[in-house]
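# Structure assessment
Listed here are the chains, written in short residue letters.
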Amino acid sequence: KATKTQPSPVIDKAAFKAAVIKHLHCTLGTDENKANNHAWWKATCAAIQEQVLEGLRKTQKSHYLNDTRAVHYFSAEFLMGRLLSNNLQNFGLFDVANGALKELGVEISDILEEEPDMALGNGGLGRLAACFIDSLATMELPAIGYGIHYEHGLFRQEIKSGAQIERPDSWRHYGNPWEICRPESIQEVSLYGYVETKYGDNGRVLKEWHPGSIVKGVPWDIPIVGYEGKTVNVLRLWQSEASGYFNWDVFNAGGYVDAQRENVSAETISKVLYPNDETEAGKELRLIQQYFFCSCSLKDIIRRYKRAHGDDWSRFADQVVIQLNDTHPAISIPELMRILVDRAELGWDEAWGICTKVFAYTNHTLLPEALEKWPARMIEKILPRHLEIIYEINHRFMAEVDKKWPGDNAMKAKLSIIEEGNEKMVRMGHLSVIGSFAVNGVAEMHSRLVKSSLFPEFDELYPGKLTNVTNGITPRRWLKACNPGLSKLIDKKIGEDWPLDLDKLQGLAKFASNKTFQKQFMKVKLENKELLAEEIRKSLDIEVDVNAIFDVQIKRLHEYKRQHLALLNIMALYRRILENPDYDMHPRVFVFGAKAAPGYKLAKDIIYAINKVADKINNDPRVNNKIKVAFLPNYRVSLAEKMIPAADVSEQISTAGKEASGTGNMKLALNGAVTIGTLDGANVEIAEEVGDDNIFIFGLTVEEVNELKANGYNPHDYYYKDPEIKAVLDWLETDYFTPGKPGALVSIKQSLLDNGDPYMVLADFRAYSDAQIAVDTAYRDKERWAEMAIINTAKMGKFTSDRSIRDYVERVWKLSPCKIES
Ligand code: 26Q
């Protein structure tokens, strides 16, 4: 393990101040008198970037000289958030910069707010990639992140009259101080066209792809600074550009002009991130995006490999491991086969041997609608040679299946990469399992379900290939940087080495029942709640009581995550108060943050309903401030950093079996929030760590969900049996929350009754509502609650992303750290 000290600053306050002023003058062409916060922010970034680039150069040199094996993390999304505070922390320069800026009359908190989030991801999967590259750099592991340089990240959410409006996100509009363009490493990517079959000497069949168009991939590097600043790895993001080069061969292909008309323009490819978290869109541009960044990245890797090893492919799999973040980069598998077979002219078996030692695949979902499938016809049009290769992979795989299950055609149909039917589809999950040497789920329970229900036959066919790596989060961002109050308290109590060895937090457990420490811990929580209260006031003009329970649900909006279950409970509480003004409850503030996919009607209706119910409750004097509801718009990494430290209660209430892992659950518990949740995803492991007394588990288990489904779940039973459920659902049909617009919220009731309540909201309602009463009771015992909160922080050691990376390194990647020579 790394040394256990705070990073020691590489430069002092005077030097930092001088660097900021130099950049104000020489980089930004302004001066101390004219500079606004934006200019100060940029100058500060430039000052720290000097250190970053120094570290980057040393790292790249060390990796090159040591000819290190490296992991290449392929991900369509990297949800980085802001980088300034992180980079300062990791160089141990936060206090230095704070002091320097103070002397210049600038508040560091103000300039940190100037940085736009790098929101190049939808949610959990993208943020996981960001936490992983932080841990990789911190643990001094040779690693590169590869992805797409989207011009527009995830849309900015505005709320107009309660409804979500999407606005473009232009994160680079005024320049990004971190990224470095590398025109010397531009790659070309082929698309469309046709395949010519030729016969070489010795009768070998040669395939030549004559592309219809070629686009350029321009790499932008974002340096990734490890804690203590020793290793600086890179995140390489590809931007598409027109190449000006056109393959005229294509005119030999019939029907070309027709096909050409539908072609996307080169610049469009990296224009915008698809916002469809957890649903398969099947859009041509999305497939082109995936192929574009995979092809650029593979060529980049091969160029680097050849520089050291020439044309000797025998060591490729020793030097290169590629982790596929879900199936989004799965087209890499046939692309590497194409390069090896068609370009390097390796035999199929040799090429396949290399491929299946290079790729590993992480599955993030069991939801059928999220499993990627592409029409074979679409692949054929865009990547004609790749479709042939996929068929060849499948042909050989079918022979394997026949060996294991002779004559079993049903089994072949089930396992085939190709789904037959009206329209032939390519199953990217099957391709990924077959083309990888390791496949992992993201939490114990999820991985068990991957084995038992998603890919049981693959588990039989390839024993040991399917495994688990429980997700994690970087404690540098999600405690040290976002919660300075708690971090300093922890430093004082148990020392400063926990950011690199999160199990050290265990040391807090023995103070959990210590009254003085409880007071200190809850004082920090209160201060964080005051900051969030201020944010809520500024953003929504809602006054909240900081002595209320801050109950936080932050995640993408999806039926399976069941924000509407929380909403029904809020309505039930409201109704109880209206029926009994003395209804006994501790004041509570329900805080939400969630974006809905723009085309996901019901998800948007739920956002609208939360806002409409909020309007009514927040302004109803009969509620007497016992309940407030605050939906904070535009949930994103930088907002999460303000919400998480202020949370008392963490809502993790997905239908059991649907949330692969969850990572927000870990961030909230780490910051001393107590979870109310189902036995789903990583909640199960959080419960194991904190113990049953320090978490509120409720609701159906996976087994019970399946049993209820099998026996014919009927939500109407709950509607008629439970008068409160009936009253609350009927309420949605009136115009009580939407004056003059009766029925505006009815789609939620319809989905829960007429549409069969696919996520069993009604089945879990009573258990949830009772668990919330238990939370209320527990909170009123101040000492007991403080103890629970402290235990939650103390027991989160397992969920550092350093542990996840350690698991990947040992079980999958087989990497060694590389010391950086100074
Ligand atoms: C698919 C097709 C077209 C366009 C977009 C997409 C798409 C994009 C993003 C599909 C899925 C995603 C993201 C999925 C995701 O974030 N999954 C979450 O991954 C986390 C990290 O493992 C888990 O903790 C969550 O449980 C899981 O939901």
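Residues numbered from 1 in each chain as written. Predicted model: local features only at pLDDT ≥ 70, side-chain atom pairs only at ≥ 80, totals over all residues.

Time to look at the sheet that holds strand E20 (residues 549-554). Judged by pairing direction, the sheet is parallel, and its six strands sit side by side in the order E22-E21-E20-E23-E24-E25 without closing on themselves. Edge positions in the sheet fall to strand E22 (627-631) and strand E25 (696-697), since each has one partner strand and no second. Where strand E23 (residues 649-652) and strand E24 (residues 674-677) come together, four bridges link them in parallel fashion. Along E24, the bridge assignment pairs Ser650 with Thr675. (Pairing = 2+ DSSP bridges. Helix = DSSP H or I, 4+ residues; strand = E, 2+ residues; numbered from the N terminus.)

Quick look at the packing of helix H21 (residues 563-579) against helix H30 (residues 761-780) now. Contact geometry of H21 with H30 gives a least axis separation of 10 Å together with a crossing angle of 55°. By the angle between their axes, H21 is oblique relative to H30. When the axes of H21 and H30 are compared, the crossing they make is right-handed. Contacts from His564, Leu565, Leu568, Asn569 and Ala572 of H21 reach H30 at Val761, Asp764, Phe765, Tyr768, Ser769 and Gln772. Considered class by class, the residues forming the contact of H21 with H30 number six nonpolar, four polar and one charged. (Axes fitted to C-alpha atoms, helices over the stretch in contact; angles between N-to-C directions. Parallel < 35°, antiparallel > 145°, perpendicular 65-115°, else oblique. Left-handed = near helix turned anticlockwise from the far one by under 90°. Contact = placed C-beta atoms within 7 Å. Nonpolar A, V, L, I, M, F, W, Y, C, P; charged D, E, K, R; others polar.)

With that settled, the discussion passes to the domain arrangement of the chain. It is common to report an interface's size as the accessible area lost on association of the parts. Domain boundaries in the chain define domain 1 (1-66 + 85-116), domain 2 (67-82 + 117-154 + 168-471 + 806-813) and domain 3 (535-783). With centres defined by C-alpha atoms, the gap from domain 1 to domain 3 works out at 41 Å. (Domains from an automatic or database assignment.)

Another aspect to go through is the pairing of strand E12 (residues 232-242). With nine of eleven residues buried, E12 is to be regarded as a mostly interior element. Judged from the five bridges that link them, strand E4 (residues 143-148) and E12 form a sheet pairing that is parallel. Opposite Ile148, over in E12, you have Trp238 as the bridge partner. Two elements, strand E11 (residues 213-225) and E12, share eleven bridges in a ladder whose sense is antiparallel. Within E12, the position partnered with Val215 by the bridge is Ala242. As consecutive antiparallel partners, E11 and E12 are separated by six residues, and within that stretch Glu228 has a phi angle of approximately 80°, a positive value. (Buried ≥ 20, exposed ≤ 12 C-beta atoms within 10 Å, placed from the backbone.)

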